[in-house]
Amino acid sequence: REARGSVDLLVSTVDAFEDAQRLEAVLMGDVAPRVLAGGADATAAVLRTLWDRGCFEDGFKSLAPGGLTLWHLASAREPEAFVAKIAAALPKKVRLVRDDLGRTGLALAVSFQRTSVVGALAKGRFEDLAASDRLGNVPLHLAAAVGSVPICDRLLRHVGVFSLDATNDAGETALHVAARTALPCAVAILKAGASLELPDATDWRPLQALLFRP
C-alpha cells in the first residue's frame, strides 16, 4: 500500500506539470525523497512506472540536478540490501540509465566508495560492469581513480565479463589510472592480468607510469 501510494503521488505530480524544469524542481524538492523514504519496493515501482508510462523525454527524465534519477540517489546513499532489492526488480534499461556525466548507478556507487553496494550490484549484472561514462571510464577506472582496493577487488572478481584493458577517451586503461593514483590498486589490477604495455593517447604505458611514480 505504501509503495502504491508513492507511485500514485509521483504519477499525479507528473500529470500535473507539462514544463519539464518545473516538474524536475518539484520532484527533487518533495516527491523523490518521499519515495526513497517509502522503501525499496516503492522506489522500484516508481522507476518501473515512469519508464512504462514514457513520462519523460528520451524515455527517462532526471529527478534531480545533474541528471540523477531515483536509482542513482539510492545507489549513492541507501543501504546495500535496499539497493540490491531495487536492482533485482528493475529491467536492465532502467538500471543502465545514465546521469549527465554518463554514470550508471553502479558507477556512482563506485565513486562514492560504497564497497558493499558495489559488490551487490556487480553480481550477475555484466552490462553494468562494462558501461562507460562520458569520458569512457568503466567502473574499474573509477575505482582506480578513488584508490579503493576493496572496490577494485569486488570488480575484479568478475573480470572476463568486461575488458580489463578497456580504454577511456584518453586511451588509458584502469592500470594507467591506478599507476598514478594508488599503487595497491595497480598491483591488484596487474595481478588480474592487465597489460603493462598498452599505450595511452600520449604513448605513455602503465609500466612507465609505475616506474616514474612521484
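Everything below is about the structure printed above this text.
The shown structure was predicted, so the numbers you read here are calculated from the model rather than taken from an experiment.

Participant: Looking at this structure, how should I read the overall build of the chain?
Facilitator: Helix and strand counts for the chain come out as 14 helices and zero strands. The helix and strand sequence of the chain, counted from the amino end, reads α-α-α-α-α-α-α-α-α-α-α-α-α-α. Here the chain holds 214 residues, and 51% of them are scored as buried. If you sum the accessible surface of the chain, you get close to 9900 Å²; carbon and sulfur atoms cover 52% of it.

Participant: Mind showing me how you'd approach the pattern of salt bridges here?
Facilitator: Counted according to the given criterion, the structure contains nine salt bridges. Its salt-bridge partner being Arg-95, residue Asp-128 comes within 2.8 Å of it at the nearest N-O pair. Of this pair, Asp-128 sits in helix α9 (residues 126-130) while Arg-95 sits in helix α6 (residues 92-95), placing them 33 residues apart in sequence. The exposure class of Arg-95 is buried, given its relative accessible area of 7%.

Participant: Mind showing me how you'd approach the state of the cysteines here?
Facilitator: What we call a disulfide is simply a covalent bond connecting the sulfur atoms of a pair of cysteines. The full count for this structure, using the stated rule, is zero disulfides. With no disulfide of its own, Cys-152 lies closest to Cys-185 among cysteine sulfurs, the gap being 3.6 Å. Note on Cys-185: relative accessible area 0%, which makes it buried.

Participant: What's the story with the environment of Pro-79 in this structure? I'm lost.
Facilitator: Mapped onto the elements, Pro-79 comes out in the loop between α4 (70-77) and α5 (80-89). A C-alpha to C-alpha distance of 7.4 Å links Pro-79 and Val-117, two positions 38 residues apart in sequence.

Participant: I would appreciate a short explanation of the nonpolar core in the present structure.
Facilitator: Here is a general trend for soluble globular proteins: nonpolar side chains tend to be buried in one another's company. Core analysis: the largest hydrophobic core is formed by 50 residues, its most contacted members being Trp-71, Ile-86, Val-110, Leu-140, Leu-155 and Ile-189. In this structure Leu-140 touches Cys-152, Leu-155, Leu-156, Phe-162, Leu-164, Ala-174 and Ile-189, once residues within four positions along its chain are discounted.

Participant: Explanation requested: the side chain of Asp-128 in the structure shown.
Facilitator: Judged by relative accessible area, Asp-128 falls into the buried class, the value being 2%. Within polar-contact distance, the side chain of Asp-128 engages the side chain of Arg-95 at 2.8 Å. If near-sequence neighbours (up to four positions away) are discounted, Asp-128 is found in contact with Arg-95, Leu-96, Leu-106 and Pro-139.

Participant: Quick question: what am I supposed to make of the packing of aromatic side chains here?
Facilitator: The geometry of an aromatic ring pair comes down to the distance between the two centres and the angle between the two planes. Under the counting rule described, the total for this entry stands at one aromatic pair. A centroid spacing of 6.2 Å and a plane angle of 45° characterise the contact between Trp-204 and Phe-212, whose relative ring orientation is tilted.

Participant: Teacher, can you tell me more about a nonpolar patch on the surface here?
Facilitator: Side chains of Trp-204, Leu-207, Leu-211 and Phe-212 sit close together on the surface and give an oily, nonpolar patch of about 430 Å² of accessible area. Assignment of secondary structure puts Trp-204 in the loop between α13 (183-191) and α14 (206-211).

Participant: I'm lost on the packing of helix α11 (residues 149-156) against α13 in this one. Help?
Facilitator: Helix packing geometry: the angle between the two helix axes and the distance between the axes. Two elements in contact, α11 and α13, have axes separated by 9 Å at closest approach and are oriented at 15°. Between α11 and α13, the angle is such that the two are roughly parallel. Between α11 and α13 lies a crossing of right-handed hand. Two secondary-structure elements touch here, α11 through Val-149, Cys-152, Asp-153 and Leu-156 and α13 through Pro-184, Cys-185, Ala-188 and Ile-189. For the contact of α11 with α13, the class distribution of residues is seven nonpolar, no polar and one charged.

Conventions used here
- Residues numbered from 1 in each chain as written.
- Predicted model: local features only at pLDDT ≥ 70, side-chain atom pairs only at ≥ 80, totals over all residues.
- Heavy atoms only, no water.
- Helix = DSSP H or I, 4+ residues; strand = E, 2+ residues; numbered from the N terminus.
- Buried < 20%, exposed > 50% of the residue type's maximum accessible area, 1.4 Å probe, protein only.
- Areas by Shrake-Rupley, 256 points an atom, 1.4 Å probe, with all protein chains shown as cover.
- Salt bridge = Lys/Arg side-chain N within 4 Å of Asp/Glu carboxyl O.
- Disulfide = S-S within 2.5 Å.
- Core = buried A, V, L, I, M, F, W, Y, C linked by side-chain atoms within 4.5 Å.
- Contact = heavy atoms within 4.5 Å.
- Polar contact = N/O pair within 3.5 Å; in protein donor to acceptor, adjacent residues only side chain to side chain.
- Phe/Tyr/Trp six-rings, centres within 6.5 Å; stacked < 30°, edge-to-face > 60°.
- Patch = residues over 30% accessible without salt bridge, like charges linked within 9 Å, V, L, I, M, F, W, Y side chains within 5 Å.
- Axes fitted to C-alpha atoms, helices over the stretch in contact; angles between N-to-C directions.
- Parallel < 35°, antiparallel > 145°, perpendicular 65-115°, else oblique.
- Left-handed = near helix turned anticlockwise from the far one by under 90°.
- Nonpolar A, V, L, I, M, F, W, Y, C, P; charged D, E, K, R; others polar.

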